[in-house]
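# An overview of the molecular structure
One letter stands for each residue in the lines below.
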Amino acid sequence: MSEDVRLVAWVRGRVQGVGFRWFTRAKALEIGGLSGFALNLGDGRVQVVAEGPRTGCQGLLDWLQGDDTPGRVDGVTEIWDTPRGGYDGFAIR
C-alpha cells in the first residue's frame, strides 16, 4: 500500500495563458486518487499542490517535468510533505 503524501511544485517557464492549469487538472484526474489544485502566481509560475498516494504524486511530478505539457517548462521546484487534507477533488484556482 502506498503512503499518502503532499507534493507542492512550482513550475516556471511559459506556463500561463497556455491551458497549463487545465491540463494539470486533467492529468491529476487521469492518474486518479489525487486532490489539490493548480494556481497561477503573480510572477508567471504555476503552483501545483497534490495530495494522495506517493506513486500518483510522483507520476504528476514526472509529467510536470516532462515534454508533454502545454507551453514550455523551464524547471520545476518541489517539496514533499505530509498531507493536510481539506481538498475536494482537484481544482483550478
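On a predicted model such as this, the values are computed, not experimentally measured, just so you know. Residue positions are given per chain, counted from 1 along the sequence in the order it is written. At least 70 in pLDDT is required for a residue's local features to be given in this predicted model, at least 80 for side-chain atom pairs to be given and counted, and no such filter applies to totals for whole chains, interfaces and linings, which use all residues. As a rule here, side-chain values come from all non-hydrogen atoms in the structure, and water together with hydrogens is ignored.

## Focus: the environment of R6
Inspection of the secondary structure assignment puts R6 in strand β1 (residues 4-14). On the basis of relative accessible area, R6 is assigned to the buried category, the value being 7%. Separated by 78 residues in sequence, R6 and R84 have C-alpha atoms that sit 7.5 Å apart. Aside from chain neighbours lying at most four places away, what touches R6 is V49, A50, E51, I79, W80, D81, T82, P83, R84 and Y87. Any pair of N or O atoms that falls within 3.5 Å is considered a polar contact. Within protein, one atom must be able to donate a hydrogen and the other to accept it, and sequence-neighbouring residues count only if both atoms are side-chain atoms. Within polar-contact distance, the side chain of R6 engages the side chain of E51 at 2.7 Å. Only 3.2 Å separates the side chain of R6 from the side chain of Y87, close enough to count as a polar contact. Helix numbers and strand numbers start at the N terminus; a helix is a DSSP run of H or I with at least 4 residues, a strand a run of E with at least 2. Relative accessible area decides the class of each residue, using a 1.4 Å probe on protein chains only: under 20% of the type maximum gives buried, over 50% gives exposed, and in between gives partly exposed. Whether two residues are in contact is decided by their heavy atoms, any of which lying within 4.5 Å being enough.

## A closer look at the pattern of salt bridges
Salt-bridge detection follows one rule: a side-chain nitrogen of Lys or Arg within 4 Å of a carboxyl oxygen of Asp or Glu. What the rule picks out here adds up to 6 salt bridges. For R6, the salt bridge is made with E51, and the minimal N-O distance between the two is 2.7 Å. Pair noted here: R6 is in strand β1 and E51 is in strand β3 (residues 46-53), with a separation of 45 residues, a long-range link. One salt bridge in this structure joins R84 and D81, with 3.6 Å as the shortest N-O distance. By relative accessible area, which is 34% here, D81 ends up partly exposed.

## What about helix α1 (residues 20-31)?
Given the number of residues in a helix, its expected span is that number minus one, multiplied by 1.5 Å. With 12 residues, α1 extends 16 Å from end C-alpha to end C-alpha; this agrees with the ideal 16 Å at 1.5 Å per step. Buried positions along α1 lie against β1, β2 (35-40), β3, α2 (54-65), β4 (72-81) and β5 (90-92). Of the residues one or two after α1, G32 is the one with positive phi, at around 85°.

## As for the UniProt feature "domain: Acylphosphatase-like" (unreviewed entry) in the protein chain
UniProt positions are given in the numbering used here, feature names are shortened, and annotations may be inferred rather than shown by experiment. Here, the residues flagged by UniProt with the feature "domain: Acylphosphatase-like" (unreviewed entry) are residues 6-93. With 27% helix and 41% strand, residues 6-93 has its two end C-alpha atoms placed 18 Å apart.

## Comments concerning the packing of aromatic side chains
Note on ring pairs: Phe, Tyr and Trp rings are taken, using the six-membered ring of Trp, and paired if centres are within 6.5 Å. Classes follow the plane angle, with under 30 degrees stacked, over 60 edge-to-face and the rest tilted. Summed over all chains, the structure comprises 3 aromatic pairs. Aromatic side chains F37 and Y87 sit 5.8 Å apart centroid to centroid with 55° between the ring planes, which places their arrangement in the tilted category. Of this pair, F37 sits in strand β2 while Y87 sits in the loop between β4 and β5, and the two are 50 residues apart along the sequence. On the basis of relative accessible area, Y87 is assigned to the partly exposed category, the value being 23%. Directly above the aromatic system of W80 lies the positively charged group of R54, at a separation of 5.2 Å from the ring centroid. A cation over a ring is seen here: R93 above F37, with NZ or CZ 3.9 Å from the ring centre. The criterion is that NZ of a Lys, or CZ of an Arg, lies within 6 Å of the ring centre and within 35 degrees of the ring normal, and then a charge sits over that ring.

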